[in-house]
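# Breakdown of the fold
What follows is each chain in one-letter form.
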Amino acid sequence: MTKRTATPAEAGATAPATPVQTPARKEAPPRPRDAHTGQGGCYERDPVTGIRTRLSPDDAAASEILS
């Protein structure tokens with residue numbers, strides 16, 4: 001038994017007429033600017049209020065180890 005590949009005409013006949021569209025990826029809305037915008041460092045966000053507080057370098061290092 002020998003394997004036979006489809007001729008280009010046969011292969012084109014079985015292909016879909018239009019390409020399959022994938023849904024667009026939704027972007028997350030940007031976070032509002034606050035007093036710390038543009039400043040580097042590590043921050044912790046309060047889950048209730050959403051306000052960021054800056055962590056000291058010692059706190060930031062400890063949180064990296066824990067996560």
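Residues numbered from 1 in each chain as written. Predicted model: local features only at pLDDT ≥ 70, side-chain atom pairs only at ≥ 80, totals over all residues. Heavy atoms only, no water.

In terms of helices and strands, the chain carries 2 helices and 2 strands. Classification of the 67 residues of the chain by burial places 6% in the buried group. For the chain, the exposed area adds up to about 6700 Å²; of that, 59% sits on carbon and sulfur atoms. (Helix = DSSP H or I, 4+ residues; strand = E, 2+ residues; numbered from the N terminus. Buried < 20%, exposed > 50% of the residue type's maximum accessible area, 1.4 Å probe, protein only. Areas by Shrake-Rupley, 256 points an atom, 1.4 Å probe, with all protein chains shown as cover.)

Averaged over all residues, the pLDDT of the chain is 75; the fraction at 70 or higher stands at 67%. No element of the chain has a lower mean pLDDT than helix α1 (residues 8-14), which averages 60, and none a higher one than strand β2 (residues 52-54), which averages 89. (pLDDT = per-residue confidence, 0-100.)

Of note, R52 is situated in strand β2. A polar contact is formed between the side chain of R52 and the side chain of D34, at a distance of 2.9 Å. In terms of polar contacts, R52 uses its side chain to reach the backbone carbonyl oxygen of H36, at 3.4 Å. Leaving out residues up to four positions away in the same chain, R52 has contacts with D34, H36, T37, Y43, E44 and R45. (Polar contact = N/O pair within 3.5 Å; in protein donor to acceptor, adjacent residues only side chain to side chain. Contact = heavy atoms within 4.5 Å.)

As a further point, take a negative patch on the surface. The grouping of E44, D46, D58 and D59 at the surface amounts to a negative patch. Here D58 lies in helix α2 (residues 57-66). (Patch = residues over 30% accessible without salt bridge, like charges linked within 9 Å, V, L, I, M, F, W, Y side chains within 5 Å. Salt bridge = Lys/Arg side-chain N within 4 Å of Asp/Glu carboxyl O. Lys, Arg positive; Asp, Glu negative; His and termini not counted. Charge placed at Lys NZ, Arg CZ, Asp CG, Glu CD.)

With that settled, consider the pattern of salt bridges. Inspection of the entire model under this criterion finds 1 salt bridge. D34 is paired through a salt bridge with R52; the nearest N and O atoms lie 2.9 Å apart. In this pair, D34 sits in the loop between α1 and β1 (43-45) while R52 sits in strand β2, placing the two residues 18 residues apart along the sequence. For D34, a relative accessible area of 29% translates into the label partly exposed.

Moving on to the environment of Y43. The topology assignment puts Y43 in strand β1. Distance from Y43 to L55, taken between C-alpha atoms, is 5.3 Å for residues 12 residues apart in sequence. Among residues more than four places away in sequence, those in contact with Y43 are H36, R52, T53, R54 and L55. Of the polar contacts made by the side chain of Y43, one reaches the backbone oxygen of Q39; its length is 3.4 Å. In this structure the side chain of Y43 is engaged in a polar contact, spanning 3.3 Å, whose partner is the backbone oxygen of G40.

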